[in-house]
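If you want the building blocks of each chain, they are given just below.
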Amino acid sequence: MEKIITLPNNIYHALIVEGERQLPYEACGLLAGFPKQVRSFWPLQNQVKSSSRFFVPKEIVTSTVEKIQNRKEQVLAIFHTHPSTKPVPSYFDLKHHPDDEVDMVILSYKYTLPQIKWYQIRHNTYTACKLVIS
């Protein structure tokens, strides 16, 4: 059964703005909320100026996760952009994905209109989910 996630329109636009702001480098952050329902976006600062990688120190991630948990939300996905490639997890993305319980969202700027995809990651493989922007 295909997993369906609802992403509010205002958060979708915040992702696009953050991604554009970080170009030509990858942007990154966390999406949080309740199962299948995004409620908040937590942009993080990519510490490497790269168009194909992102890195955030563990202490910053831990601090952000604590803030999310204090709001009684859970981390749903790790968000990042692909400035010039398709919105598909790379080998590097899969190899370094930290937790199979957390999904991956990729926003691509390869095309005229940005494309966003949501994936479940399990054992270095990915499955696309249905993303409903409302």
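Since the model is a prediction, treat every value here as computed from it, not as a measurement.

J.: I keep staring at the pairing of strand β6 (residues 115-122) and nothing clicks. Help me out?
T.: Put simply, side chains in a regular strand alternate between the two faces of the sheet. The pairing of strand β5 (residues 103-108) with β6 spans five bridges and is antiparallel. In the strand pairing of β6, S108 is matched with Q115. Counting the residues that bridge the hairpin from β5 to β6 gives six residues. Note that β6 and strand β7 (residues 125-133) share five bridges and pair antiparallel. Note that in β7 the partner of W118 across the bridge is C129. Hairpin geometry of β6 and β7 is characterised by an intervening segment of two residues between the two adjacent antiparallel strands and by a positive phi of about 50° at H123.

J.: Before we go on, may I ask you to explain unusual backbone geometry in this structure?
T.: Generally, phi is negative for residues other than glycine and the peptide bonds are trans, each holding for most cases. Cis geometry marks the peptide bond from L23 to P24; its omega dihedral reads 15°. For K36, which is not a glycine, the phi torsion comes out positive at approximately 70°. In this fold, K36 is placed in the loop between β2 (28-34) and β3 (37-44). A positive phi angle is found at K72, which is not glycine, with a value near 65°. A relative accessible area of 67% means that K72 is categorised as exposed.

J.: Whenever I open this one, the pairing of β2 confuses me. Can you help?
T.: When you tally the buried positions in β2, you get six out of seven residues, the bulk of the element. The sheet contact formed by β2 and β3 spans seven bridges and is antiparallel. When the sheet's bridge partners are listed, G33 is paired in β3 with V38. Taking the residues that link successive antiparallel strands as the turn, the β2-β3 hairpin has two residues, and the phi of K36 there is positive, at about 70°. Here β2 runs beside strand β4 (residues 74-82); their pairing, made up of six bridges, is antiparallel. Along β4, the bridge assignment pairs A32 with V75.

Parameters at a glance
Residues numbered from 1 in each chain as written. Predicted model: local features only at pLDDT ≥ 70, side-chain atom pairs only at ≥ 80, totals over all residues. Heavy atoms only, no water. Pairing = 2+ DSSP bridges. Helix = DSSP H or I, 4+ residues; strand = E, 2+ residues; numbered from the N terminus. Buried < 20%, exposed > 50% of the residue type's maximum accessible area, 1.4 Å probe, protein only.

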